[in-house]
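Spelled out from the first residue to the last, the chains are:
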Amino acid sequence: MNVKGKAHIFGDNVDTDVIIPARYLNTSDEKELAAHCMEDADASFVKSVEKGDIIVAKDNFGCGSSREHAPIAIRACGVSLVIANTFARIFYRNAINIGLPILECPEAVAGIRAGDVVSCDLSEGTITNETTGKTYRAQPFPPFIQAIISAGGLMNSLKK
Amino acid sequence: MKPMTMTQKILAAHAGLPYVEAGQLIEAELDLALANDITAPVAIKELQKIDGRVKHKDKVALVMDHFTPNKDIKSACQVKCTREFARQEEIEHFFDVGNMGIEHALLPEQGLVGAGDCVIGADSHTCTYGALGAFSTGVGSTDLAAAMATGKAWFKVPAAIRFELNGALPHYVTGKDLILHIIGLIGVDGALYKSMEFTGDGVKSLSIDDRFTVCNMAIEAGAKNGIFPVDETALAYMKNRFHREIKIYEPDPDAEYERTVTIDLSKLKPTVAFPHLPENTRTEWEEIAIQQVVIGSCTNGRISDLRQAAEILKSKKVKDGVRCIVIPATQEVYLQALKEGLLEIFIRAGAIVSTPTCGPCLGGHMGILADGERCVSTTNRNFLGRMGHITSEIYLASPYTAAASAVTGKLTTAEVLQ
Ligand code: SF4
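Residues numbered from 1 in each chain as written. Chains lettered and ligands numbered in written order. Predicted model: local features only at pLDDT ≥ 70, side-chain atom pairs only at ≥ 80, totals over all residues. Heavy atoms only, no water.

A. How the structure looks around the interface of chain A and chain B. Chain A puts 41 residues into the contact, and the matching count from chain B is 47 residues. Regarding the contact of chain A and chain B, the summed buried area is about 3,600 Å², with carbon and sulfur atoms giving 59% of it. Where chain A packs against chain B, one counts 3 salt bridges. Residue Glu32(A) is joined to Lys74(B) by a salt bridge in which the shortest nitrogen-to-oxygen separation is 2.9 Å. Inspection of the chain A/chain B interface yields 18 residue pairs in polar contact (both at pLDDT 80 or more). When contributions to the side of chain A that touches chain B are tallied by element, the ones reaching two or more residues are helix H1 (16-19), helix H4 (69-76), helix H5 (89-98), helix H7 (143-150) and helix H8 (154-159) of chain A. The element that contributes the greatest number of residues to the side of chain A that touches chain B is H5(A), accounting for 7 residues. Residues that form the side of chain A that touches chain B fall into these classes: 17 nonpolar, 12 polar and 12 charged. (Contact = heavy atoms within 4.5 Å. Buried area = accessible area lost by both parts, 1.4 Å probe. Salt bridge = Lys/Arg side-chain N within 4 Å of Asp/Glu carboxyl O. Polar contact = N/O pair within 3.5 Å; in protein donor to acceptor, adjacent residues only side chain to side chain. Helix = DSSP H or I, 4+ residues; strand = E, 2+ residues; numbered from the N terminus. Nonpolar A, V, L, I, M, F, W, Y, C, P; charged D, E, K, R; others polar.)

B. Region of interest: the site of the ligand. Residues and elements named next belong to chain B. Taken together, the neighbourhood of the ligand is formed by 13 residues, with His125, Cys298, Cys358, Cys361 and Asn380 sitting nearest. Of all the secondary-structure elements, those providing two or more residues to the shell around the ligand are helix H4 (103-109) and helix H9 (297-300). When residues of the shell around the ligand are assigned to domains, at least three map to each of domain 1 (6-264) and domain 2 (272-417). (Near = heavy atom within 4 Å. Domains from an automatic or database assignment.)

C. Structural context of the sheet that holds strand E8 (residues 160-166) of chain B. All names here are of chain B. Read from one edge to the other, the open sheet built from 4 strands follows the order E10-E9-E8-E11, with strand pairing classed as parallel. Single-partner strands in this sheet number two, and they are strand E10 (225-227) and strand E11 (259-264). Going across the sheet, the axis of each strand differs from the next one's by a mean of 20°, ignoring polarity. The sheet contact formed by E8 and strand E9 (residues 195-199) spans 5 bridges and is parallel. Considered in E9, the bridge of Ala160 is made with Ser195. This element, helix H6 (residues 175-186), spans E8, E9 and E11 of the sheet and lies at about 135° to E11. (Pairing = 2+ DSSP bridges. Axes fitted to C-alpha atoms, helices over the stretch in contact; angles between N-to-C directions.)

D. Broad picture of the packing of aromatic side chains. What the rule picks out here adds up to 13 aromatic pairs over all chains. Ring pairs connect the aromatic residues Phe61(A), Phe87(A), Phe91(A), Tyr92(A) and Tyr193(B), which therefore count as one cluster. Positioned above the aromatic ring of Tyr237(B), the side-chain terminus of Arg241(B) is 4.5 Å from the ring centre. A cation over a ring is seen here: Arg282(B) above Phe274(B), with NZ or CZ 4.0 Å from the ring centre. (Phe/Tyr/Trp six-rings, centres within 6.5 Å; stacked < 30°, edge-to-face > 60°. Lys NZ or Arg CZ within 6 Å of the ring centre and 35° of its normal.)

E. View of the domain arrangement of chain B. All names here are of chain B. Along its sequence, chain B is carved into domain 1 (6-264) and domain 2 (272-417). A straight line from the C-alpha centre of domain 1 to that of domain 2 covers 24 Å. Counting residues at the interface gives 37 residues for domain 1 and 40 residues for domain 2. Taken as a group, Ile102, Tyr172 and Lys176 account for 22% of the area that domain 1 buries against domain 2, more than any other trio of residues on that side. Here domain 1 is connected to domain 2 by 2 salt bridges. Where Arg241 meets Glu332, a salt bridge forms, and the shortest distance between an N and an O atom there is 3.4 Å. For the interface between domain 1 and domain 2, the tally reads 24 residue pairs in polar contact (both at pLDDT 80 or more). Residue assignment for the side of domain 1 that touches domain 2 shows that the elements contributing at least two residues are H4, H6 and helix H7 (208-216).

Here it is, written out as structure tokens:
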């Protein structure tokens, strides 16, 4: 699976409260959640994000609460991939379980600037910064996780 | 056989394996799966997508605590959906207004979790039950949906960090100060993906409520779980509450730990996490004027927390211009505080006492902050905008420090006040 889009840059410890503030958690409607994605970190994000875009962040992305609303909001606003140095563990599980692609790759994080066009071959784990021409390699998922993702998420993998 | 940590032993037992090692992917049988009024609706939707049913009706707990009593129409509809689901699926442990409390105070109190258990919850602070010697960890709603359908969950077996505790805490220094100290030391991702295993002769000096507070905030260091050995204090708490078999797991003497952090409890001071991360801990500060104090939550809404707050507020007044909000974590805590006269102390001091709810902890309701306001709170997260406006500030502290700050109107430790 390939994805491509422009990069939006965030820093360390982007927590689930800024990804989707609790004041909007009285719904689980994806469109409503998407409308407030990243609101407390960068209020202009939802206006500028386009389908296919990529979030690039530093350490411990998605720390804080277990709200699945966070990866859901990110996916629902069109983001095709999140690249970070590291992810908080519940966010990591949730993203896999709902089928939001995420990759840990500090080299790519260091080499991507805001607005760069980035493409990625998810099954290989190769990330290319089309703007600079540089390519990076992320650790692909273990087979167990790949099975969940290729089934289209955890619930679909149970169905079979 | 390779040596294992306490967490690894519990996971091996629940995966039906003789041993497991860090990094291994396993599927484990669960003793309990938890969701709340925010995460349950998403899990229910996921379950219904595959026409799934709840496999073990006695191993699911649904607790309506975040936006309850319902703060608006949307949250009322979320609880209604969960209530109907619980009825239809005949969920045994459904807690609604009248018997609900904040989930992580409620489940241990009701005896639904105990030593040796393997528990997941669609709430990040599910790690709290490690205080009783259980493996428990937070997951998302889809994990929870899968757990409801199958009674199982997948895990990557965590490596561990050992925290060797020595000595005893001084007066006015609590489990909250200990865990804030640790997070300040190792950082908000200092234990990422790992277990925090507490050990050492200092453990016996910690009350069970202190241990709940410590394990509650393991997630704030990024950990998968926090866990204490099962000793007399833990057994005494579980007696007459927990009716399943108590299973005590001890780490092998030569179990591998990524590192050991030694802490002399007697050297700790009242510790406060400054905005906007739990790792921004300090023991000294210049004058910081505050407008609100919150005493409650799954971190510090238990009876000993209220006793500590009352010890400070007795015959004192909340400073003019400060709103002090006390929230007993469960109905049982509420009733106990009533019997002990604590509620009267709070009300006479000019604080308010609310029914159990998460309320302001997550910026839900019952005390949202305006722009620029500062709050000293016994909760567990001080992220940007967590309790209201994004320019508001949260200072995480113990009940002693929170109560003392309510009296002076500025961030103050109990020692200074007395
Ligand atoms: S009290 Fe706060 S941290 Fe605890 S479960 Fe409720 S919202 Fe979460």
